[in-house]
Amino acid sequence: MGQITLEKVTKRFGDVEVIPPLDLTIEDGEFCVFVGPSGCGKSTLLRLIAGLEDITSGVIGIDGNDASRTPPAKRGLAMVFQSYALYPHMSVRKNIAFPMKMAGVPQDEQARRIDSAAKALNLTDYLDRRPGQLSGGQRQRVAIGRAIVREPAAFLFDEPLSNLDAALRVGMRLEISELHERLKTTMIYVTHDQVEAMTMADKIVVLRAGHIEQVGTPLELYRAPRNLFVAGFIGSPK
Ligand code: ADP
Ligand code: MG
């Protein structure tokens, strides 16, 4: 569970075609990184997959089923927003429980999933605090915890570490990679940071002006960038 396919997906905002026809398959369990400069369409693509934005044409498939018109809550995907999207007036426990409450998950099952997510993210001692009483890294873990408890088919991250300082970013990068190792759930991770892309990805999708310049493993892109744009982005010596 967690294969995502895009077939000739396009997106227009008014007269502007932000995503020209785009084909891409993300395999079940893959850690796929979308990388590219600001404004190239990374967030738009992620929002189309999540269903937060309607595609203009094409098909989005999830595990072989056409999900193009499926509402976001029914796609089985969890978007991880930056930590400032937490509810400041709610405890960590309530923040994490919130999506389960919305989905009508029974109380005892909620407690089990919170317990398990808190253990995985080292938040067990912080469940009764409010977000304002946590460090930036802890807040980001709560945002991830809120996604984990939905037991999604895939996690969608949009530059989750961009408002953390450099040292913290390295630690969180490792934590997210470890989480992927443990859960083996599909993750799509958007970043404009090539180090994140190179160190975290099974597969990197290099985007430029809404189209895919190249797809490959970090090593493939490093060894054989298709052009100077990709080489520049990946930091390879071509
Ligand atoms: P990235 O995340 O790679 O920085 P975005 O996906 O946010 O890029 O934006 C891609 C392009 O689409 C940009 O030119 C942006 O201005 C445009 N865009 C994004 N959202 C909207 C919108 N709601 N209405 C109009 N244009 C938009
Ligand atoms: Mg963006």
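Computed from a prediction, not measured in an experiment: that's the story for all the values here.

J.: Any chance you could explain the overall build of the protein here in plain terms?
T.: Along the protein, the regular secondary structure elements total 8 helices and 10 strands. Against the compact-globule benchmark of 18 Å for 238 residues, the protein has a radius of gyration of 18 Å, which places it among compact chains. Seen along its three principal axes, the alpha-carbon backbone of the protein occupies a region of about 50 × 40 × 30 Å. Buried residues in the protein amount to 39% of all 238 residues. Long-range contacts, defined as pairs at least 24 residues apart, comprise 66% of the intrachain contacts of the protein with a sequence gap of at least 6.

J.: Quick question: what am I supposed to make of the pairing of strand S6 (residues 77-80) here?
T.: Side chains Leu77 and Met79 project from S6 onto one buried face, and the interleaved Ala78 and Val80 project onto a second face that is buried too. With 4 bridges joining them, S6 and strand S7 (residues 154-158) adopt parallel strand pairing. Considered in S7, the bridge of Ala78 is made with Phe155.

J.: Would you mind showing me how to read the site of ligand 1 here?
T.: As a matter of local geometry, ligand 1 sits amid Phe13, Val18, Gly36, Ser38, Gly39, Cys40, Gly41, Lys42, Ser43 and Thr44. The residue inventory of the shell around ligand 1, partitioned by class, reads 3 nonpolar, 6 polar and 1 charged.

Rules and cut-offs
Residues numbered from 1 in each chain as written. Chains lettered and ligands numbered in written order. Predicted model: local features only at pLDDT ≥ 70, side-chain atom pairs only at ≥ 80, totals over all residues. Helix = DSSP H or I, 4+ residues; strand = E, 2+ residues; numbered from the N terminus. Rg over C-alpha atoms; globule rule 2.2 N^0.38 Å. Buried ≥ 20, exposed ≤ 12 C-beta atoms within 10 Å, placed from the backbone. Contact = placed C-beta atoms within 7 Å. Pairing = 2+ DSSP bridges. Near = placed C-beta within 6 Å. Nonpolar A, V, L, I, M, F, W, Y, C, P; charged D, E, K, R; others polar.

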